[in-house]
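# Coordinate inspection notes
What follows is the residue order along each chain.
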Amino acid sequence: MSTEETTPSLTFEVVTLFPEVMAGFLSATVIGRGIEAGVIAVHCTNPRDFAPGRYRQVDDTPYGGGPGMILSVEPIAAALEAIAAARGPSRRILLSPRGGLFDQARARALAAESRLTLLCGRYEGIDERAGSLVDEELRLGDFVLAGGEVAAAAVIEAVGRLVPGVLGCGLSAGDESFTAGRLEYPQWTRPASWRGQGVPEILLSGDHGKIARLRRREALKATLARRPDLVAAHPLSDEERRLLDEETDLGT
């Protein structure tokens, strides 16, 4: 999926044996709206189209024996070269369980790029020599997926939504979890009372200064309770400590 009317701020190239997996995701999310607006573009390239032989075989048995099949380096290299020839160079990323952890900070850094290529693995892995064709390797977490398509979709959404013009509200991406090493503050909506559970009265007061302080304080409390590792990596400032010491009436 792509648009030809404007030059997108960021183009994703996805190298995948299953481009149809990406189609539904791209059409049904905020990324789809970004594509329609011409702010971002996504192209899928199937390495099978570059595989030799009548059956377009893209995998083979591993040298030294072992279970499963390994993706061959030749069709992957050919696909990457075709992408560069057709649309120019890009930052190449292999989605791999041994890669660096993909987090919000990495998403922000990648959102500053103009072109990203995401290489999706399959089967029992990719020929080790494919590593020389990419700029970095990334993982979503310490678990194994059947293929890289789910990881590619996560990277596209996390990075793409940070591109100006993709989200409906320009402030949305700057005031949420992990933006400053903190979780987002808790949120409520109507009704004001539900099964005996109320909404903090300050949120109904119209006092935007108090609301802002309450939200920041609750974000800090949530981070301390649920993600102390974030606080260890980003220690509390003196201002944050004072904020936590305040006696704020939640009105619940």
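Below you will find a few notes about this structure. (Residues numbered from 1 in each chain as written. Predicted model: local features only at pLDDT ≥ 70, side-chain atom pairs only at ≥ 80, totals over all residues. Heavy atoms only, no water.)

### Regarding the pattern of salt bridges
Within this structure, the stated rule accounts for 16 salt bridges. The salt bridge partner of E13 is R87, with a shortest N-O separation of 2.6 Å. You can see E13 sitting in strand β1 (residues 10-15) and its partner R87 sitting in helix α3 (residues 73-87), a full 74 residues away along the chain. When its relative accessible area of 0% is taken as the criterion, E13 is described as buried. R87 sits in the partly exposed class, given a relative accessible area of 33%. For E240, the salt bridge identified is with R182, shortest N-O distance 3.0 Å. Here E240 is found in helix α8 (residues 238-245), whereas its partner R182 is found in the loop between α5 (149-160) and α6 (208-226), with 58 residues between them in sequence. (Salt bridge = Lys/Arg side-chain N within 4 Å of Asp/Glu carboxyl O. Helix = DSSP H or I, 4+ residues; strand = E, 2+ residues; numbered from the N terminus. Buried < 20%, exposed > 50% of the residue type's maximum accessible area, 1.4 Å probe, protein only.)

### Looking at the environment of E136
Tracing the sequence through the fold places E136 in strand β7 (residues 136-139). Put simply, E136 and G100 are 36 residues apart on the chain and 8.2 Å apart in space, counted from C-alpha to C-alpha. With residues near it in sequence (within four places) discarded, E136 still touches R91, R92, I93, L94, R106 and L110. Reaching out from E136, the side chain makes a polar contact with the side chain of R106 at a distance of 2.7 Å. (Contact = heavy atoms within 4.5 Å. Polar contact = N/O pair within 3.5 Å; in protein donor to acceptor, adjacent residues only side chain to side chain.)

### Focus on the state of the cysteines
All told, the structure shown has zero disulfides when counted by the stated rule. In this model C44 remains outside any disulfide bridge; the closest cysteine sulfur is found in C120, 8.1 Å from its own. Note on C44: relative accessible area 32%, which makes it partly exposed. (Disulfide = S-S within 2.5 Å.)

It is worth stressing that arrangement in space is one thing and function is another; only the former is reported here.
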